[in-house]
Amino acid sequence: MTNQEKKKRFEEIYLKTYRNLIRYIVCHSRDIEDVNDVLQETYLEFYLIWERKSVKEERLSAFLKGIAKNKIKKHYGRFYKIKTYSLFSKNEREIEWIDTISDDFDTLDFVMNEELAKQIWKYVKTKKEKAIKIFYLYYNEEFTIKEIAQELNLKESSVKSILYRTLKELQETFREEKNKYE
Amino acid sequence: MSRNQKIKEVIENEFDLNQNLKKIQEKIERKEKVPTRNNWKAAFITSVFILTIIGSLFVINQSSSMKQGNKKETINQFQILAYVDQQGNSQKESLKENVKIALKSYNKAISSVPGYPLIFELEDTSSKMEVRVENGDIYTWDSSSGKVEKQGKEYIIQKSQTLYFDVNENTRININYHSKENHLIRKKITIESDDKFNYYATLSN
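What you see is a predicted model, and the numbers here were worked out from it, not measured in a lab.

Each value, and the rule that gives it
Residues numbered from 1 in each chain as written. Chains lettered and ligands numbered in written order. Predicted model: local features only at pLDDT ≥ 70, side-chain atom pairs only at ≥ 80, totals over all residues. Heavy atoms only, no water. 1 Å grid on protein atoms, 1.4 Å probe; cavity = no way out; pocket = protein on both sides within 12 Å on 5 of 7 lines; lining within 4 Å. Points joined across faces, edges and corners; volume = space filled by probe spheres on them. Nonpolar A, V, L, I, M, F, W, Y, C, P; charged D, E, K, R; others polar. Phe/Tyr/Trp six-rings, centres within 6.5 Å; stacked < 30°, edge-to-face > 60°. Buried < 20%, exposed > 50% of the residue type's maximum accessible area, 1.4 Å probe, protein only. Lys NZ or Arg CZ within 6 Å of the ring centre and 35° of its normal. Helix = DSSP H or I, 4+ residues; strand = E, 2+ residues; numbered from the N terminus. Pairing = 2+ DSSP bridges. Expected span 1.5 Å × (residues − 1). Bend = angle between axes of the 7 residues up to and from the residue. Contact = heavy atoms within 4.5 Å.

**Thoughts on empty space enclosed by the protein**
Residue and element names in this part refer to chain A.
Thought 1: Tallied over the full model, the rule gives one cavity of 30 Å³ or more.
Thought 2: Put simply, the largest cavity is a space of about 50 Å³.
Thought 3: As for the largest cavity, its lining consists of Val26, Ser29, Arg30, Asp31, Ile32, Val35, Glu129, Ile132 and Lys133.
Thought 4: Residues of the lining of the largest cavity, tallied by class, amount to four nonpolar, one polar and four charged.

Spelled out as structure tokens, the structure:
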């Protein structure tokens, strides 16, 4: 394979695997700001070794995730453990409260302006790791609560609770601000 | 239910597929230009290999020069001549290393000289040569006075001189040449005879 062919093939693999891989990195990184760096380093390493390793087509995604996992570990130090969240909520009262949340609680429908959307994303990124990941999966991947729970290895009620709190906070913070951007 | 598209666009922009691809391609190009650790290793090994070859060639060359130097020293600093028969005529011939030469026939009983003559020519008067003989004797002869002197088994030559050797079937002459720089060169001359009483001399180390 010539260098040109190799680069072309790499682009094909990149376009095919990008979405899956970025989701994996978002879900497993400690800081959302590190995602692009980890992603680039992962593909760079992949480019340098994939020919030698002769990875099968159906194994490409798993192979990339393996590289990404090592990159994340390396990025946060050797002793960083990729988190798996607890499936069980310890607070019984919280469970009862979550049940009262209606399914159509997505209250960010007032965000019609790009600048406001940027401000909101910036604000979300200051929140806790778990909240950011849930927000990302919910808005960018358009995952359902159930899918998010599966992806992050969380209980559905936890996802619902965190998302609800985040959106409520955003609503309270930015509902008044929205007029500035209109 | 479709989520807020504006927020989705903002997030997608942050993790932009094309921008990331561009940055990856730039990193690949940089990486391909910069030698990797393996390349450095290969370069190092190649350099060591080349240097070893050059070094070996240098050493071989030096050693060869030294050998040539030694040879030259032997030839230039002294030479040993013997008389050989050349189509019925007696001629002087220089002894060469590992070359067996047939000596001129000699009969002790009828010859006017006290033994087989060997001519030792020294280039430098500050050098000296120790001659020791095994299974034979050394004689000197003053041709002007006709005086013959038996020197025994050992003789030291300070200047070019002819020595006469009373030889037997297997006579060995050991030579230690000391140059003016005090380098020592050891040689030996083996004199052998065949059934027809022909004698042969061979110079060797």
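**Re the packing of aromatic side chains**
Thought 1: Inspection of every chain in the model, using the stated rule, returns 17 aromatic pairs over all chains.
Thought 2: With a centroid separation of 5.2 Å and 80° between ring planes, the pair formed by Tyr138 of chain A and Tyr139 of chain A is classed as edge-to-face. Residue Tyr138 of chain A shares its accessibility class with Tyr139 of chain A, and that shared class is buried.
Thought 3: The rings of Phe10, Tyr14, Tyr18, Tyr43, Phe46, Tyr47, Trp50 and Phe63 of chain A are connected pair by pair, giving a single aromatic cluster.
Thought 4: Residue placement shows Lys6 of chain A over the ring face of Tyr47 of chain A; its charged tip is 4.3 Å from the ring centre.
Thought 5: The positively charged end of Lys100 of chain B is found above the aromatic ring belonging to Tyr200 of chain B, 5.3 Å away from the centroid.

**Observations concerning the pairing of strand E4 (residues 116-122) of chain B**
Residue and element names in this part refer to chain B.
Thought 1: The element E4 is extensively covered by neighbouring structure, given that six of its seven residues are classed as buried.
Thought 2: In the sheet, strand E1 (residues 78-86) pairs with E4 via five bridges, with the strands oriented antiparallel. Within E4, the residue paired with Ile80 across the bridge is Phe120.
Thought 3: Sheet analysis places E4 next to strand E8 (residues 161-178), joined by five bridges and oriented antiparallel.

**A few points about helix H2 (residues 35-53) of chain A**
Thought 1: Taking 1.5 Å per residue, 19 residues should reach 27 Å; H2 of chain A reaches 25 Å between its end C-alpha atoms and fits that length.
Thought 2: The principal kink in H2 of chain A, of about 40°, is found at Tyr47 of chain A.
Thought 3: Every buried residue belonging to H2 of chain A is among Val35, Asn36, Val38, Leu39, Gln40, Thr42, Tyr43, Leu44, Phe46, Tyr47, Ile49 and Trp50 of chain A, and all of these are buried.
Thought 4: Where the residues of H2 of chain A are buried, they touch helix H1 (3-28) and helix H3 (60-75) of chain A together with helix H1 (5-14) and helix H2 (17-33) of chain B.
Thought 5: Within two residues after H2 of chain A, Ser54 of chain A carries a phi angle of roughly 40°, on the positive side.

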